[in-house]
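Coordinates in review
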Amino acid sequence: MGTYVDGRTSQNASTANSIAIPILVINTPQLFGQIGLITAGVGTNPRVLLKGTVSVSLPLALVGITVTIVRGTLATDPVVYSATSTFSLSVLAPQVIAFSADDFLPTITPQLTYTAFISSNLLGTVRVGPESFDGILVSD
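Structure report, in brief. The structure displayed is predicted, hence computed values, not measured ones.

Moving on to the packing of aromatic side chains. Within a pair of aromatic rings, the relevant descriptors are the distance that separates the centres and the angle that separates the planes. Overall, the coordinates contain 3 aromatic pairs when judged by the stated rule. Summarising the aromatic geometry, the rings of Phe-99 and Phe-133 are spaced 6.2 Å apart at their centres and angled 40 degrees between planes, so their arrangement reads as tilted. Taken together, the residues span a long stretch of sequence, with Phe-99 in strand β7 (residues 95-104) and Phe-133 in strand β9 (residues 126-139) at a distance of 34 residues. The burial state of Phe-99 is the same as that of Phe-133; both residues are buried. Put simply, the rings of Phe-32, Tyr-81, Phe-99 and Phe-133 pair up and form one aromatic cluster.

Take a look at the structure:
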């Protein structure tokens, strides 16, 4: 059983249809959440538990939406999690994409930063809310 060390939340949009942020460049990561976890007092076997949601309105076409979580601030930083959801032509309502990720034994620095990105393989995808990204750091 772990000892709680730190937890943070990035809440970009709290309710459905509260934002309208188009994804304007295909296959290019767009930031939607970022958290920093303070590591002072962390013990052995650190682990970071991450989860969140992002909601999108889709074009009427076969589209793939990718959520990527990195340890750092840039899309080129070490990937902790990446998954692509493919939606069919018949999807009309906004889609909520939920994810859960873990980072076991990260290199400990004074603060661990995690960034959540979303990308689409087709123009016409719009982030509509809600959007949430949170994480906790635990250790033995």
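Having seen the structure, we can now continue with the description.
Further remarks concern the environment of Val-5. Among the structural elements, Val-5 can be located in strand β1 (residues 3-13). Linking Val-5 and Leu-37, residues 32 residues apart in sequence, is a C-alpha distance of 8.7 Å. Excluding its chain neighbours within four sequence positions, the residues that come into contact with Val-5 are Ile-38, Ala-40, Val-42, Leu-137 and Ser-139.

If you look at the biggest cluster of nonpolar residues, it comprises 26 residues, and the most contacted ones within it are Leu-50, Ile-65, Ile-69, Tyr-114 and Phe-133. At the level of elements, β3 (30-38), β4 (47-57), β5 (63-71), β6 (79-87), β7, β8 (111-120) and β9 are the ones that each hand at least two residues to this core.

Our next topic: the side chain of Ser-139. In this structure, Ser-139 sits in strand β9. Taking the relative accessible area as the measure of exposure, Ser-139 reaches 1% and is therefore buried. In this structure the side chain of Ser-139 is engaged in a polar contact, spanning 2.8 Å, whose partner is the backbone nitrogen of Gly-43.

This brings us to the environment of Ala-75. Its location among the elements puts Ala-75 in the loop between β5 and β6. In this structure the C-alpha to C-alpha distance between Ala-75 and Phe-117, which are 42 residues apart in sequence, comes to 7.4 Å. Those residues in contact with Ala-75 that sit more than four places away from it in its chain are Pro-29, Val-70 and Phe-117.

Right, let's talk about the pattern of salt bridges for a bit. Applying the stated criterion across every chain, the model contains 5 salt bridges. Of the charged contacts in the structure, one is a salt bridge between Arg-8 and Asp-6, with a shortest N-O distance of 3.1 Å. Residue classification places Arg-8 among the partly exposed residues on the basis of a relative accessible area of 38%. For Asp-6, a relative accessible area of 7% gives the class buried. The salt bridge partner of Asp-140 is Arg-47, with a shortest N-O separation of 3.3 Å. Here the residue Asp-140 occupies a position in the segment after β9, and Arg-47 occupies one in strand β4, the gap between them amounting to 93 residues. The exposure class assigned to Asp-140 is partly exposed, which follows from its relative accessible area of 42%. Overall, Arg-47 belongs to the buried group, its relative accessible area being 17%.

Definitions and limits used
Residues numbered from 1 in each chain as written. Predicted model: local features only at pLDDT ≥ 70, side-chain atom pairs only at ≥ 80, totals over all residues. Heavy atoms only, no water. Phe/Tyr/Trp six-rings, centres within 6.5 Å; stacked < 30°, edge-to-face > 60°. Helix = DSSP H or I, 4+ residues; strand = E, 2+ residues; numbered from the N terminus. Buried < 20%, exposed > 50% of the residue type's maximum accessible area, 1.4 Å probe, protein only. Contact = heavy atoms within 4.5 Å. Core = buried A, V, L, I, M, F, W, Y, C linked by side-chain atoms within 4.5 Å. Polar contact = N/O pair within 3.5 Å; in protein donor to acceptor, adjacent residues only side chain to side chain. Salt bridge = Lys/Arg side-chain N within 4 Å of Asp/Glu carboxyl O.

Fair warning: the whole summary comes from geometry, so function is off the table for now.
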